[in-house]
Amino acid sequence: MRRVVVTGVGLISAVGIGTEETWKAIQEGKSGIARITSFDPACFASQIAGEVKGFNPLSYIEKKEVKKMGRFIHFALAATGFALDASGLQIAPEIGERVGVYIGSGIGGFDVIEREHANLLAGGPRKISPFFIPATIINLASGQVSIRTGAKGPNSATATACTTSAHAVGDSFRLIQRGEADVMICGGSEAAITPMGVGGFAAMRALSTRNDDPPAASRPFDADRDGFVVGEGAGILILEELEFARRRDAPILVELVGYGMSADAYHITSPSGDGEGAIRVMRNTMRDAGIRFDQIDYINAHGTSTPVGDRIETIAIKSTFGDHARKLAVSSTKSMTGHLLGGAGGLEAGIVTLALRDQVMPPTINQCKPDPDCDLDYVPNVARQARLEYALTNSFGFGGTNGALIFKRFS
């Protein structure tokens, strides 16, 4: 089986525009959650979000092209640029057919949909932009990256709710293993901080309403958690077949060794109380990696800060790892970035890559009041140096779709 390594990471989040800026803020435990500025949230139950601050698409995309894309595509292109720069990969014509793109989004161009709907109501169908459809549909993040980089290999996109970009990375891993590509640009992007996006999740009563203290609102595994906080941004990885990477003397960060999937087959939004679907996806991923459960050192949890979800993920980790659950560390970086929905798995795969590179476990901030039902080591509030060999990252999505990835320190 062909081995797959990560040679570049591109991150954009509420705590930073750029990979190292985001990673530095994560290690320092900085929150990116604040009152929403992109629209007036005064009449909304939840008025807070993890907005990307100071992002100017003109820094990454030509002016005439910006209007043809939704914000999620802007993020994807910028993050891809960061990842390619870090990897040193030049997609020359002679390798273009061996380079693929697989970038997903849970919701896509919500911002453009809302804007163009308003134009329709105000002025009729003639006021709809001719760029409306290609600016909104989910596969255009992959499409635009392919067009702009010359990547002519496999080109696809996922839309599996909050598991979207974990699936995109995992499916890309499989394509390289099977020999269908030598390089994959993969991950996810999301930009759903819009009136309909926030309003829709608020109507489900899924969001935190800690509007008076935004930095403390996302508090996974804490007893006083009251819902998740919507975030935005992107996480893009450059995956390469090991020998291809070695031939070009690429900077190898980590090895991707396992990918698993499962379905809860239970409920559209809630996992079963015993965490059975999450248990199976973690077991499937360890089986794929060919490792024992006691070899996992760190888990970047799905950990969204919902009362039910965090408790069930804890149950699933304890059921999966047994006594070893008390020895490994678990943290949720959503405590700082908010929940990027379809972009979460890509962002968190990038964070795990950097954690293994630097041998640092990122913290779960806002750990103030222990929840007796969430009683693992969540790396409370302060990052921790540790010897890390294997790290797992979980993603769970509406509809009961689950994905997990295992990365290994490269040596």
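Here's what I pulled together on the structure shown here.

Right, let's talk about the side chain of N402 for a bit. Looking at the secondary structure, you find N402 in strand β15 (residues 401-409). Using a relative accessible area of 2% as the deciding quantity, one classes N402 as buried. Polar contacts involving the side chain of N402 include one to the side chain of D264, which spans 2.9 Å. Once residues within four sequence positions are removed from consideration, N402 is found in contact with T163, H167, G260, M261, S262, A263, D264, G277, A278, V281, S395 and F396.

With 15 residues, helix α11 (residues 307-321) should reach 21 Å at 1.5 Å per residue; the first-to-last C-alpha distance of 22 Å fits that figure. Those residues of α11 not exposed but buried are D310, I312, E313, T314, A316, I317, T320 and F321. The secondary structure elements touched by the buried residues of α11 are α10 (276-289), β10 (298-300), β11 (329-331) and β14 (390-397). G322, located one to two residues past α11, shows a positive phi value of around 60 degrees.

A few words on the environment of C186. Structurally, C186 can be placed in strand β7 (residues 183-190). The exposure class of C186 is buried, given its relative accessible area of 0%. For C186 and N155, which are 31 residues apart along the polypeptide, the C-alpha to C-alpha distance reads 9.8 Å. The contacts of C186, once residues within four sequence positions are left out, are Y102, I103, A168, V169, S172, G235, I236, L237 and L239.

Next up on the list: a nonpolar patch on the surface. Together, L120, L121 and I128 give the surface a local cluster of nonpolar side chains, amounting to about 260 Å² of exposed area. Counting through the fold element by element, I128 comes out in the loop between α4 (110-123) and α5 (132-136).

What counts and what doesn't
- Residues numbered from 1 in each chain as written.
- Predicted model: local features only at pLDDT ≥ 70, side-chain atom pairs only at ≥ 80, totals over all residues.
- Heavy atoms only, no water.
- Helix = DSSP H or I, 4+ residues; strand = E, 2+ residues; numbered from the N terminus.
- Buried < 20%, exposed > 50% of the residue type's maximum accessible area, 1.4 Å probe, protein only.
- Polar contact = N/O pair within 3.5 Å; in protein donor to acceptor, adjacent residues only side chain to side chain.
- Contact = heavy atoms within 4.5 Å.
- Expected span 1.5 Å × (residues − 1).
- Patch = residues over 30% accessible without salt bridge, like charges linked within 9 Å, V, L, I, M, F, W, Y side chains within 5 Å.
- Areas by Shrake-Rupley, 256 points an atom, 1.4 Å probe, with all protein chains shown as cover.
- Salt bridge = Lys/Arg side-chain N within 4 Å of Asp/Glu carboxyl O.

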